[in-house]
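Now for the letters of each chain:
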Amino acid sequence: MIAVDDYASFLETEYLHGYVDAGGAAVKFVVPASDEDAARLLGALRERAEVAGFAVARVDAVTTKVHLIEQLFFSVSRQIDWDALADSTARRALAAAAYPVAEGAELAVDAVAAAHGVDPRELKRDLDRQLQVLVYRDYAMFQEFRIAMRRLCQARLSTGQAPDAEHAAVVEWRTGNLRQIAVLKSALIFRRIARHNARHLLFSLAHWLSVNGRAGLVLELDIRRLGQARRPSAEERAGHYYTKAAVLDAYEVLRQMVDNTDELAHFCAVVVAAPEFLTDPIRGIDAYQALKLRIFDEVRDRHRDNPYSSLIRLGAA
């Protein structure tokens, strides 16, 4: 087994620095020997990733239905400072239009126009052109994501193109709280976030972070709850519990994430599983061969783990 601190350092030096921050992607499955080891790993990884400039999102199968990719995205979305990202792009658009503003200065079109002595209507026209280039024509992101981000930037710039109600609807849409999708028709968004598009939005988010001053997205995905077969009594229950079918659906979500690494950029997922993930034939990796064939190390040194492997066992050194 690899020691927890050694593996956290390995991920930082071999993946976060020079690979993921340069546009790479990785999905790692980690099986800690105990809950204490799992907590140490997640804490160490978050600390190192944040120092390296990554946005870190932690998703726990206890509180999030991880077998539903849209719920996974909503959980990540709630942990992202979207306004700060829109602020960064708004400043880039102003600088590209030759109207830079100082840090902390007002970004509203009227205020910037007054500061530079230009007509607000001309400034708005120039900003529209820059937002088209910086956001809407950035085809590394899914179309609905590009539309939503442009609306957030327009709201930040107070151009009048994104009313308060529409801005609030975009915020609710990306977190799964929007009740009526019809309110977003004016923003040219016609579909809710669901299984058919949530994966693309998650990957678009990693790219969006990278173009706005962050190194990318690190996802800490704790799936240890999937190994719990029996639900405790009603008085003792806490969070979500998973049927065998839901466990298989969760493994399919992970399988697709592994298969998408060639298309991903600036993204690293560390999936933390319970020891039963390796040993339980009913709820463990043996139950879903499509995932097992992608990550399981059939041939390995029993006395020395390969830290580059997709599946890592953690414990005492």
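Residues numbered from 1 in each chain as written. Predicted model: local features only at pLDDT ≥ 70, side-chain atom pairs only at ≥ 80, totals over all residues. Heavy atoms only, no water.

**A closer look at the side chain of arginine 174**
- Position of arginine 174 relative to the elements: it lies in helix α8 (residues 164-175).
- One buried charged residue, arginine 174, remains without a salt bridge, the closest side chain of opposite sign being aspartate 83 at 5.1 Å. (Helix = DSSP H or I, 4+ residues; strand = E, 2+ residues; numbered from the N terminus. Buried < 20%, exposed > 50% of the residue type's maximum accessible area, 1.4 Å probe, protein only. Lys, Arg positive; Asp, Glu negative; His and termini not counted. Salt bridge = Lys/Arg side-chain N within 4 Å of Asp/Glu carboxyl O.)

**Quick notes on the pattern of salt bridges**
- The final tally for this structure, using the stated rule, is 20 salt bridges.
- Salt-bridge contacts for aspartate 128 lead to lysine 124; the nearest nitrogen and oxygen are separated by 3.5 Å. Here lysine 124 and aspartate 128 lie together in helix α6 (residues 120-136), a separation of four residues that amounts to about one turn.
- The partner of arginine 191 in a salt bridge is glutamate 144, with the nearest N and O atoms 2.9 Å apart. A residue pair is termed long-range when its members are at least 10 positions apart, and arginine 191 in the loop between α8 and α9 (198-210) and glutamate 144 in helix α7 (residues 143-157) qualify at 47 residues.
- Overall, the relative accessible area of 8% leaves glutamate 144 in the buried class.
- Within this structure, Glu252, Arg255, Asp259 and Arg294 form a network of salt bridges that share partners.

**Considering the sheet that holds strand β6 (residues 311-315)**
- Within the open sheet, the six strands sit side by side as β1-β6-β2-β5-β4-β3. Their pairing is parallel. Edge positions in the open sheet fall to β1 (2-3) and β3 (55-60), since each of these has one partner strand only.
- Pairing geometry for strand β4 (residues 217-222) and strand β5 (residues 267-272), over six bridges, is parallel. In the sheet register, valine 218 faces β5, and the bridge partner there is cysteine 268.
- Across the face of the sheet, helix α2 (residues 35-51) comes into contact with β2 (25-32), β3, β4, β5 and β6 while running at roughly 155° to β3. (Pairing = 2+ DSSP bridges. Contact = heavy atoms within 4.5 Å. Axes fitted to C-alpha atoms, helices over the stretch in contact; angles between N-to-C directions.)

**Here's the deal with the pairing of β6**
- Most of β6 sits inside the fold, with five of its five residues counted as buried.
- Burial along β6 is two-sided: the residues Leu311, Arg313 and Gly315 and Ile312 and Leu314 are all buried.
- Here two bridges tie β1 to β6, and the two strands are oriented parallel to one another. Residue pairing in the sheet places alanine 3 in a bridge with glycine 315 of β6.
- Relative to β6, β2 is paired through four bridges, and the arrangement is parallel.

**Describing helix α5 (residues 109-116)**
- Those residues of α5 not exposed but buried are Val109, Val112 and Ala113. The arc that holds every buried residue of α5, seen down its axis, measures 100°, which confines them to one face. Turned more than 90 degrees from where α5 packs its buried face, Asp110, Ala114 and Ala115 sit exposed.
- In this structure, the buried side of α5 is in contact with α4 (82-96), α6 and α7.
- At the C-terminal side of α5, glycine 117 shows a positive phi close to 70°. (Arc of directions from axis to C-beta.)

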